[in-house]
Every structure is written in structure tokens, then in C-alpha cells.
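# Examination of the molecular architecture
This is what each chain is made of:
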Amino acid sequence: MQIFGVDIGGSGIKGAPVDLEKGDLAQERFKVLTPHPATPDGVAEGVREVVEHFGWTGPVGLTFPGVVTGGATIRTAANVDKSWIDTDARVLFGGRLGGLPVTVVNDADAAGVAEMRFGAGKDRRGTVILLTFGTGIGSALFVDGTLVPNTELGHLELDGHDAEKRASSKAKEDKDLTWDHWARRVQKYLAHVEMLFSPDLFVIGGGVSRKADKFLHFIEGIKAEIVPAELQNNAGIVGAAMHAAEGERA
Ligand code: BGC
């Protein structure tokens, strides 16, 4: 079965039909730039372009970089326009896509679900935490394979700041930090998350997962195993489609 997945990120809106048996994209993905400011109207237009590019007419799963409840309602908007808060994103996107069935899920939760089924967390029991390092820091917490949604661990306090302002990939870029310097911030952040949850495994996702060899060796003193995500930049698209598939079955 195929379902269309769309990943709405701070820099791009990317999507493709997903092969749910393989956990992979069925066609090469298509991307448009995220508008700035990232308003509901501007983002919905980007989503429409991506979906129309493929002439898709079936169900669509989308990610959103904030808290999403009930597959629809946006509750927070740290890195997108604040007018998203309390929006019914299912109505917004469904309307813009000519009435296609739509579900929405937090971006890190989507990436986590995909990694647990097809990637670095496959068959892993116990407590697993996937963290995505990008414009912000996203988190997905699993206990024996079951997701605890919307954990928002990127907003824990680190050195008196919102953790994602110190340790996201954007913080590395904005402050032009070396890998070594940035990895020490990530290490401090992981130590804090470990103190709270004692996970068995950390999966490191987001764009940086491709560059794990540049920084993972700098991270010391964490008891949990730490591995890079395997689906890398497609995890959000695959997870969004998986989430929509669950809605279809329900
Ligand atoms: C948001 C999360 C999101 C993460 C990654 C954070 O600022 O609050 O909901 O998962 O960024 O996009």
C-alpha cells in the first residue's frame, strides 16, 4: 500500500508517496522552500504544490514542527508563525488539497515511529528516545515500542536557556560552532535527558545523522547506547505516511 507523506520543516516542505511495506519512498521526493513567515496559509500552499506535483489523490499524512493533538490540532509553534496555535490543521490542509483525507503528527514523533519500525530502533524494547537536531530539537519517547506523543524535550532548560537554542543544528550554524564545541553541548543535553528518563538507547536524527562520524566520537559519559538514525532525512515523510495509514485502518 502507498500513502503520501509530507514533512514540514523549518527550511523545506518535502513529500513523496511512501511504500508502507518497505518503509521507503516509492518515488523521488519533491521539495519546496518553507515560506517565511511560515503562516498557515503559506505552508498550506507549499503542501498543495508538493502533493500536486505527483498528481496524488489518496490519503496524505503530514508532520508539523510543534505539538499536535488528535491528528489535527496544533498546540505550539516554536519555529513557525504563532498564528498556527489552535489551528485545525486537518481542516486547513484537507481544504487546500481538495478534500483529500489528511492526518497531522508531530515531526519528531513521525521520524521516531519510522525509525522504530524500519531503522535504528527496529525490534528495540525498553526506553528509546529519538532526538532530531535541526532548526529545533524534536523528541520521540518509546516504551517497549509504544510512543508517548508530544514529549517536547527540546524545550528542557540547558544552562539557563531553551535547550534547542543551545544545541540544535541551527545553533551550531548560527554561532559557527566547531563539531567538537557543539558536541559538548549535545553531550550536556543528553546527560540531562538521561538523568530524567534513563533510556536504553538514544537515536540521533535530523540532518546531522548523516554526519555522525564528525561528532558522535566527541560525546562521552552517557550510559545509554547512542546511534545515528538510519532513515535520515526521509524518516519524517515515512512516519507521516505510517501515521495516516493507522487513521485509515481505524
Ligand atoms: C518543537 C517540536 C518539534 C521540534 C523539531 C521544536 O521547537 O517544539 O514540536 O518537534 O522543534 O522540529
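Figured I'd write up the structure that's included with this text. (Residues numbered from 1 in each chain as written. Predicted model: local features only at pLDDT ≥ 70, side-chain atom pairs only at ≥ 80, totals over all residues. Heavy atoms only, no water.)

## Side note on the side chain of R185
The following threshold applies: The helix and strand labels rest on DSSP assignments: H or I over at least four residues marks a helix, E over at least two residues marks a strand, and numbering proceeds from the N terminus. The cut-offs for exposure are 20% and 50% of the maximum accessible area for each residue type, with area from a 1.4 Å probe on protein chains only; residues under the lower value are buried, those over the upper are exposed, and the others partly exposed. Charge counting follows a simple rule: Lys and Arg are positive, Asp and Glu are negative, and His as well as the terminal groups are ignored. A pairing counts as a salt bridge when a side-chain nitrogen of Lys or Arg comes within 4 Å of a carboxyl oxygen of Asp or Glu. We call two residues in contact when some of their heavy atoms are within 4.5 Å.
Tracing the backbone shows R185 in helix α6 (residues 179-197). No salt bridge is formed by the buried R185. Its closest oppositely charged neighbour is D159, at 6.5 Å. Among residues more than four places away in sequence, those in contact with R185 are L158, R166, A167 and L177.

## Notes on the pairing of strand β1 (residues 2-8)
Applied cut-off: A pair of strands is considered paired only if DSSP assigns at least 2 bridges between the two.
Of all 7 residues making up β1, 6 are buried, and the element is well covered by its neighbours. Examined bridge by bridge, β1 and strand β2 (residues 12-19) share 7 bridges and lie antiparallel to one another. Its bridge partner being in β2, F4 is matched across the sheet by P17. Count of turn residues in the β1/β2 antiparallel hairpin: 3 residues. Pairing analysis gives 3 bridges linking β1 to strand β5 (residues 60-64), with the strands arranged parallel. Among the inter-strand pairings, F4 is bridged to a residue of β5, identified as V60.

## Considering the site of the ligand
What counts is decided by this rule: Working definition: residue near molecule or strand if any one of its non-hydrogen atoms lies within 4 Å of it. Polar contact is defined as a pair of N or O atoms within 3.5 Å, subject to the rule that within protein one atom must be able to donate a hydrogen and the other to accept it, and that residues adjacent in sequence are counted only when both atoms are side-chain atoms. The Shrake-Rupley method, run with a 1.4 Å probe sphere, supplies the accessible areas, and residue values consider only the shown protein chains as cover. For this classification, Asp, Glu, Lys and Arg are treated as charged, while Ala, Val, Leu, Ile, Met, Phe, Trp, Tyr, Cys and Pro are nonpolar and the rest, including Gly, are polar. Where each domain begins and ends follows an automated or database-derived domain assignment.
The environment of the ligand is formed by P65, G66, V67, A78, N79, N106, D107, I137, G138, E152, H155 and E164. Within the contact set of the ligand, an oxygen atom lies 3.3 Å away from a backbone nitrogen or oxygen of G66. D107 is positioned with one of its side-chain polar atoms (N or O) 2.5 Å from an oxygen atom of the ligand. Within the complex, 94% of the 300 Å² of free accessible area of the ligand lies under protein. Tallied by class, the residues present in the shell around the ligand amount to 4 nonpolar, 5 polar and 3 charged. Looking at the shell around the ligand, you find at least three residues from each of domain 1 (2-106) and domain 2 (120-230).

## A word on the side chain of E115
Examined against the element boundaries, E115 turns out to sit in helix α3 (residues 107-118). In this structure E115 is buried but unpaired, with R210 as the nearest side chain of opposite charge at 11 Å. Apart from residues no more than four positions distant in its own chain, E115 is found in contact with A120, G121, K122, L130, A229, E230, L231, Q232 and A235.

## Details of the nonpolar core
Basically, it comes down to this: Only buried residues count toward a nonpolar core, which is a set of Ala, Val, Leu, Ile, Met, Phe, Trp, Tyr and Cys residues joined through side-chain atoms within 4.5 Å.
Residues V47, V60 and F93 are the most contacted members of the largest nonpolar core, which totals 52 residues. A per-element tally of this core places helix α8 (residues 235-249) first, with 7 residues. When residues are assigned to domains, this core turns out to be shared by domain 1 (2-106) and domain 2 (120-230), each giving three or more. Residues contacting F93, with those up to four places away along its chain left out, are I8, V43, A44, V47, L62, W84, V102 and V104. L156, V193, V208 and I219 belong to the second largest nonpolar core, which has 26 residues in total.

## As for a nonpolar patch on the surface
This is how the line gets drawn: Distance thresholds for patches are 9 Å for like charges and 5 Å for nonpolar side chains (Val, Leu, Ile, Met, Phe, Trp, Tyr), applied to residues having over 30% relative accessible area and no salt bridge.
A cluster of nonpolar side chains, namely M195, L196 and F197, defines an oily patch on the protein surface of about 280 Å² accessible area. Locating L196 in the fold gives a position in helix α6.

## Topic: the pairing of β5
Here is the key point about a regular strand: its side chains alternate between the two faces of the sheet. The buried count for β5 comes to 5 of 5 residues, which makes it a mostly enclosed element. The alternating pattern of β5 places V60, L62 and F64 and G61 and T63 on opposite faces, both of which are buried. In this structure, β5 lies alongside strand β8 (residues 102-106), joined through 5 bridges in parallel fashion. Within β8, the residue paired with V60 across the bridge is V102.

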